[in-house]
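Descriptive structure summary
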Amino acid sequence: MIANRHLMGMLAFGALQQGIVAGSIVLLGLSAMRLAEGAVSEALGLFVAYLVALVLPYGPGVAAQYCWRLWAASSVRDFHDVGADRLPDRAIVFADRERAEAVSTIFSNSAPNAIGHGADYGYDLSQCGFATVFGIIAVAAIVDPMLAIAFAVSILLCAVYMRLFYAIAADAAHAAEARRVDTVSLARRIWPNVVLANPLSRTTWKARLAQAHAAHLAAVARESRIRFLSAAALAIAAMSPVVIAAGFLAYAHADDASYLAALLVTMPRVFFILSLLGHMMALVFEWSQVAGRFEVVRSLLIPASPRARIDLSRIEVRVDGERERIETVERLVEFCLAGPRRITIRGGNGAGKTTLLLSLKERLGTSAVYVPPDCAIDLPSQSAGGSSGERKRAEIEAVLADHDPCIVLLDEWDANLDAENREMTCAALAAAIVRGFTVVEITHR
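Small disclaimer: the values here were computed from a predicted structure and weren't measured.

1. Section: the overall build of the protein
Scanning the protein from terminus to terminus reveals twelve helices and six strands. For the protein, whose C-alpha radius of gyration is 33 Å, the value lies well above the compact-globule estimate of 22 Å for 445 residues. Overall, the C-alpha framework of the protein stretches about 110 × 40 × 40 Å when taken along its three principal axes. Looking at the protein residue by residue over its 445 residues, the buried ones come to 43%. For the protein, contacts bridging at least 24 residues in sequence account for 79% of all contacts bridging at least 6. Accessible surface for the protein amounts to roughly 23,000 Å². Of this, 63% is attributable to carbon and sulfur atoms. Of the charged side chains in the protein, 41 are positive and 43 negative, and the gap between their average positions amounts to 5 Å.

Here it is in structure tokens:
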């Protein structure tokens, strides 16, 4: 609602601003006509009114910009608020690093950039649209309706061009944005590949980043060529009918000094409106670029399919120290729901231990809390700083402190803990089980 209110304010103030500008065109044209007719005092009065009208648009213009900036910022806020709740991915795909990287890049970078670009586009298009429409009406009213017909022909020619070539531009824009996202995703891997100073990983990462940049540059070059040619074609389509009409009107009214005065004094404004018309049509055509960015954002709404598999024959499950035969995930869910206890999962690499834990999370829903191997979740009482082992212990303690008794799923929580931190965490887990928690853990120790 806030974003819509700011949008409506931007449009209202923008229309008011350009309406005042159009009124100034009428005043200037009338002043020229009266001067040509010899009514000097009346012409001066209209000219003073024209000067006043030149100052008035700045107030609505500043208000329109204010609303535009708030619209852009509040739209990003609303997207983050709504988008986080509508992400279709399930817990089972949490360990899919490629999907995680893509979602993180789009949610944190691509989507806010696309929304900001869309807000800028909306502001520019609305300003050009209002200026063009109100300007055409003013010129047609003061000079000749034939100019409005010529403007309509210009718009029709531009519309035909866009109808024929829009799909090509949209495809190029989407490809360029997709390549940009790929490049950003690779660039975000700079930390481990450069800071650790491992020569092979650094060289491999830089080579892949160079390939991504090359693909991005090629896509941008193709999109830019299409946009350049389109802008030139739209400019010609916008200018030609009005230039022909203006020349014809000047020739047809060569003996009418008052008419020629109004035509000549408004001609600079007419060609300014024509440039705005060309720019507006280029903006309409440029929608393909904005749509291409939003098309990439749409991939957030397409759920990823789980890739990993679970081999229960290679996984050992112990419930309160006793080994249990588990043939299905549903059987393990029953043990989780049976009451406070400690369930330990062990198995070789590739057996699907993490996938099994994520499958439990998916089935148990909000009654379970999954804690990944790295410190990746935010909690109210979680403290920052310390070694990786100290941060992991603090994270687990925060999970136990911030939740009522539930099922806690710990994925290789002790991988980086020394003996002291592991002993302290084990004590905290034992106390949590007494309080009513069920602890399901993957551990190699």
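2. Looking at the side chain of Asp-411
Tracing the sequence through the fold places Asp-411 in strand β5 (residues 407-411). One buried charged side chain, Asp-411, makes no salt bridge at all; its nearest oppositely charged neighbour is Lys-353, positioned 7.5 Å away. A polar contact is formed between the side chain of Asp-411 and the side chain of Thr-354, at a distance of 3.0 Å. Apart from residues lying up to four places away in sequence, Asp-411 is in contact with Thr-354, Leu-357, Tyr-370, Val-371, Pro-372, Pro-373 and Ile-442.

3. A short note on the sheet that holds strand β2 (residues 322-324)
The strand order β2-β1-β3-β6-β5-β4 describes an open sheet built from six strands, whose pairing is mixed. Each edge of the open sheet carries a strand with a single partner, namely β2 and β4 (368-371). With direction set aside, neighbouring strand axes in the sheet form an average angle of 20 degrees. Direction of pairing for strand β3 (residues 342-347) relative to strand β6 (residues 438-442): parallel, over a ladder of four bridges. Counted as the bridge partner of Thr-344 is Glu-441 from β6. Helix α9 (residues 329-337) contacts β1 (315-319), β2, β3, β5 and β6 of the sheet and is inclined by roughly 150 degrees relative to β3. Sitting on the sheet, helix α10 (residues 353-364) is in contact with β1, β3, β4, β5 and β6, with an inclination near 160 degrees to β5.

4. Structural notes on helix α2 (residues 40-55)
The first and last C-alpha atoms of α2 sit 23 Å apart over 16 residues, in line with the 22 Å expected at 1.5 Å per residue. Looking only at α2, the buried set comprises Ala-43, Leu-46, Tyr-50 and Ala-53. Mapping the buried residues of α2 onto a view down its axis gives an arc of 75 degrees, with all of them on the same face. More than 90 degrees from the buried face of α2, the exposed residues found are Ser-41, Leu-44 and Val-55.

5. Points about the nonpolar core
Judged by nonpolar contacts, the single largest core of 38 residues is most densely connected at Val-139, Val-143, Phe-151, Val-270, Leu-277 and Met-281. Looking at this core, the elements that each hand over two or more residues are α1 (2-36), α4 (97-142), α5 (145-187), α7 (199-252) and α8 (257-298). Broken down by element, this core gets its largest block of residues, 14 residues, from α8. Look past the residues within four positions of Leu-277 in its chain and what remains in contact with it is Thr-132, Phe-151, Ser-154, Ile-155 and Ala-238. Among the nonpolar cores identified, the runner-up in size contains 27 residues, and Ala-304, Val-317, Val-319 and Ile-345 belong to it.

6. Considering the environment of Arg-331
Mapped onto the elements, Arg-331 comes out in helix α9. A relative accessible area of 36% means that Arg-331 is categorised as partly exposed. The residues touching Arg-331, leaving out its near neighbours within four places in the chain, are Arg-325 and Ile-326. Within the structure, the side chain of Arg-331 is placed 2.9 Å from the side chain of Glu-334, a separation counted as a polar contact.

7. Examining the pairing of β4
Going residue by residue along β4, you find Ala-368 and Tyr-370 tucked away on one face and Val-369 and Val-371 tucked away on the opposite face as well. Inspection of the sheet shows β4 paired to β5 by four bridges, in the parallel sense. Paired with Val-369 across the two strands is Val-408, which belongs to β5.

The rules we used
Residues numbered from 1 in each chain as written. Predicted model: local features only at pLDDT ≥ 70, side-chain atom pairs only at ≥ 80, totals over all residues. Heavy atoms only, no water. Helix = DSSP H or I, 4+ residues; strand = E, 2+ residues; numbered from the N terminus. Rg over C-alpha atoms; globule rule 2.2 N^0.38 Å. Buried < 20%, exposed > 50% of the residue type's maximum accessible area, 1.4 Å probe, protein only. Contact = heavy atoms within 4.5 Å. Areas by Shrake-Rupley, 256 points an atom, 1.4 Å probe, with all protein chains shown as cover. Lys, Arg positive; Asp, Glu negative; His and termini not counted. Charge placed at Lys NZ, Arg CZ, Asp CG, Glu CD. Salt bridge = Lys/Arg side-chain N within 4 Å of Asp/Glu carboxyl O. Polar contact = N/O pair within 3.5 Å; in protein donor to acceptor, adjacent residues only side chain to side chain. Pairing = 2+ DSSP bridges. Axes fitted to C-alpha atoms, helices over the stretch in contact; angles between N-to-C directions. Expected span 1.5 Å × (residues − 1). Arc of directions from axis to C-beta. Core = buried A, V, L, I, M, F, W, Y, C linked by side-chain atoms within 4.5 Å.

All we've got here are geometric facts, nothing functional implied.
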